[in-house]
Amino acid sequence: MQCGDWVVGKWTGEPFQVERPLGTGANGEVYLVRTRRGLAAVKVCPNASDIALEWAVLERLHRVSGTFPKPMWIDDHGPSAFFYVMEWIPGTPLSQAAARLTGHAAAAVVRGIAEGLAELHAAGYAFCDLKPDNIVIAGDPPHVRFVDAGGVTPFGRSVRQFTPYYDRAFWGLGTRRAEPSYDVTALALVIVICLGGLAPPVSLTGQTPAQRQSWLRRGIRRWPEGVRPLLEQALAGRMDARQFAAAWCRQAAARPARPGPRVPTAPGHPTASRGRPAVAGASASVAAGRGPGAGRKRGRDWTEWLMWISLIGALTSTACAWLTSLGWLR
Ligand SMILES: Nc1ncnc2c1ncn2[C@@H]1O[C@H](COP(=O)(O)OP(=O)(O)OP(=O)(O)O)[C@@H](O)[C@H]1O
């Protein structure tokens, strides 16, 4: 769809005009559109069954939770443009907002995510694709909303969609089964990676789960001591979303938790990818995307400067020694 295009639904006859793209994912494209009922978001996909499945999930969730966008109508436009129209959630994805959050604001975001998850869990569903791009900080006062219901799955089934860095099986921390603990582990990963300002090195994908876990533990050690056991317990899925939210807020009230100074990470940004395994435990197929730390500037630290100064000093003294021995310098 192009900006300015008019689309008229084949079945509903409802028209809308495309304003601008909102995002692209492995599943489809999302646009901001102007409808007869005001601004809305449209998700377009070439696959009718993906759109029908997401629509059905959004409709069910709407009855039990206000965290996901409100569904409006579903339709199609030609043979390869299946779409549904939903509430537009204006705001900033956590992937972009994280770096600017203060300790108290970060704690409020964690509580908002945990409460959204608790509401979903009470209805018998797991989010399964909780990641910073799917968490939007919206409204005034700012509050947490979720987008992308494509991965939401009833408890007990296999996880259908996941993003490796936020998937507990990638870290060797559990199975790909839809249950509350799957989402709680993802929340702990969002905190350690995204709120912690870390960019997992690309090399992690070639490492064993034990090596990945030791990278994660280094990330946890950057947080104040008081919150480390909490993060460990959540990573292991040993608490539910509400218990975690309450414990995190108690910590934040005592002392707002943010990690220490950023540690240098391996160069290059990881490719966020999404797997769509047919069965739990199958490996992920890869689609290009943005990594958790993508878009951030990486500053040089003082050790890097020291290394360059020593190197230039060594080169200068070697050059002087050669010139003196050749008699070109007295
Ligand atoms: N209702 C909405 N309001 C505002 N922005 C939205 C809305 N729905 C989706 N977006 C934006 O569009 C992006 C892509 O949408 P979505 O995640 O549904 O697509 P996807 O193909 O399932 O993506 P992914 O592969 O990342 O899971 C989101 O990350 C978000 O920034």
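What counts as what
- Residues numbered from 1 in each chain as written.
- Predicted model: local features only at pLDDT ≥ 70, side-chain atom pairs only at ≥ 80, totals over all residues.
- Heavy atoms only, no water.
- Salt bridge = Lys/Arg side-chain N within 4 Å of Asp/Glu carboxyl O.
- Buried < 20%, exposed > 50% of the residue type's maximum accessible area, 1.4 Å probe, protein only.
- pLDDT = per-residue confidence, 0-100.
- Contact = heavy atoms within 4.5 Å.
- Pairing = 2+ DSSP bridges.
- Helix = DSSP H or I, 4+ residues; strand = E, 2+ residues; numbered from the N terminus.
- Axes fitted to C-alpha atoms, helices over the stretch in contact; angles between N-to-C directions.
- Phe/Tyr/Trp six-rings, centres within 6.5 Å; stacked < 30°, edge-to-face > 60°.
- Lys NZ or Arg CZ within 6 Å of the ring centre and 35° of its normal.
- Core = buried A, V, L, I, M, F, W, Y, C linked by side-chain atoms within 4.5 Å.
- Domains from an automatic or database assignment.
- Buried area = accessible area lost by both parts, 1.4 Å probe.
- Polar contact = N/O pair within 3.5 Å; in protein donor to acceptor, adjacent residues only side chain to side chain.
- Nonpolar A, V, L, I, M, F, W, Y, C, P; charged D, E, K, R; others polar.

Quick notes on the pattern of salt bridges
Here the structure, examined in full by the defined rule, presents nine salt bridges. Ionic pairing is found between arginine 176 and aspartate 167, a salt bridge with its closest N-O pair at 2.7 Å. Aspartate 167 matches arginine 176 in its accessibility class, with the two residues each being buried. Each of Lys43, Glu54 and Asp148 takes part in a single network of salt bridges with overlapping partners.

Observations regarding the confidence of the model for the protein chain
Within the protein chain, residue pLDDT values average 81, and 79% of them lie at 70 or more. Overall, residues 263-304 carries pLDDT values under 50, and its contacts beyond four positions in sequence, including any with other chains, amount to 85 contacts. The ipTM, which scores confidence in the relative placement of chains, is 0.94 for this predicted complex, and the corresponding pTM is 0.78.

A look at the sheet that holds strand S5 (residues 71-76)
One open sheet accounts for six strands, arranged S1-S2-S3-S4-S6-S5; its pairing is antiparallel. Looking at the sheet topology across the chains shown, the edges are occupied by strand S1 (6-8) and S5. Each adjacent strand pair in this sheet contributes to an overall mean axis angle of 35°, direction not counted. For S5 and strand S6 (residues 82-86), the ladder comprises five bridges, and the chain directions are antiparallel. For isoleucine 74, the partnering residue across the bridge sits in S6 and is tyrosine 84.

Examining the packing of aromatic side chains
In the structure shown here, the tally under the stated rule is ten aromatic pairs. Consider the rings of phenylalanine 68 and phenylalanine 127, whose centres lie 5.1 Å apart with planes at 65°: the pair is edge-to-face. Highlighted residues: phenylalanine 68 in the loop between helix H1 (48-64) and S5 and phenylalanine 127 in the loop between strand S8 (125-126) and strand S9 (135-138), separated in sequence by 59 residues. Pair check on accessibility: phenylalanine 68 and phenylalanine 127 agree, each one buried. An aromatic cluster is present here, built from Tyr165, Phe170, Trp171 and Trp215 joined pairwise through their rings. Over the aromatic face of phenylalanine 162 sits the side chain of arginine 176, whose NZ or CZ is 4.1 Å from the ring centroid. Taking the ring centre of phenylalanine 170 as reference, the NZ or CZ of arginine 212 above it sits at 3.9 Å.

A look at the nonpolar core
Ranked by internal contacts, the top residues of the largest apolar core, which has 68 residues, are Leu94, Ile113, Leu130, Trp171 and Trp248. With eleven residues, the top contributor of residues to this core is helix H4 (residues 180-195). Here this core spans two domains, since at least three of its residues come from each of domain 1 (6-86) and domain 2 (91-285 + 300-323). Counting residues in hydrophobic clusters, the runner-up holds twelve residues, among them Val33, Val42, Val44 and Trp73.

Focus on the sheet that holds strand S7 (residues 91-93)
If you trace the three strands from one edge of the open sheet to the other, you get S7-S9-S10, paired in antiparallel fashion. The sheet is open, and its two edges are formed by S7 and strand S10 (143-146), each paired on a single side. When strand polarity is set aside, the average angle formed by the axes of neighbouring strands in this sheet is 35°. Sheet analysis places S7 next to S9, joined by three bridges and oriented antiparallel. Its bridge partner lying in S9, proline 93 is registered against valine 136. Helix H3 (residues 103-122) rests against S9 and S10 of the sheet, and its axis sits at about 40° to S10.

As for unusual backbone geometry
Leave glycine aside and you will find that most residues have negative phi; peptide bonds, for their part, are mostly trans. Between aspartate 140 and the following residue, proline 141, the backbone shows a cis peptide bond with an omega angle of 5°. Tracing the chain through its elements places proline 141 in the loop between S9 and S10. Phi is positive for aspartate 148, close to 70°, though the residue is something other than glycine. The buried category is assigned to aspartate 148, whose relative accessible area is 16%.

Side note on the domain arrangement of the protein chain
Its domain assignment divides the protein chain into domain 1 (6-86) and domain 2 (91-285 + 300-323). Listed as interface residues are 15 residues of domain 1 and, on the opposing side, 18 residues of domain 2. The contact between domain 1 and domain 2 buries some 1400 Å² in all, and 60% of this surface belongs to carbon and sulfur atoms. Where domain 1 touches domain 2, the interface holds one salt bridge. Ionic pairing is found between aspartate 148 and lysine 43, a salt bridge with its closest N-O pair at 3.7 Å. Seen at the junction of domain 1 and domain 2, the total is seven residue pairs in polar contact (both at pLDDT 80 or more). For the side of domain 1 that touches domain 2, the element with the highest residue contribution is H1, accounting for seven residues. Looking at the side of domain 1 that touches domain 2 residue by residue, the class counts come to eight nonpolar, four polar and three charged.

Examining the side chain of histidine 121
Tracing the sequence through the fold places histidine 121 in helix H3. Given the relative accessible area of 10%, histidine 121 is considered buried. In this structure the side chain of histidine 121 is engaged in a polar contact, spanning 2.8 Å, whose partner is the side chain of aspartate 183. When residues no more than four places from it in sequence are discounted, the contact partners of histidine 121 are Ala126, Phe155, Pro180, Asp183 and Ala241.

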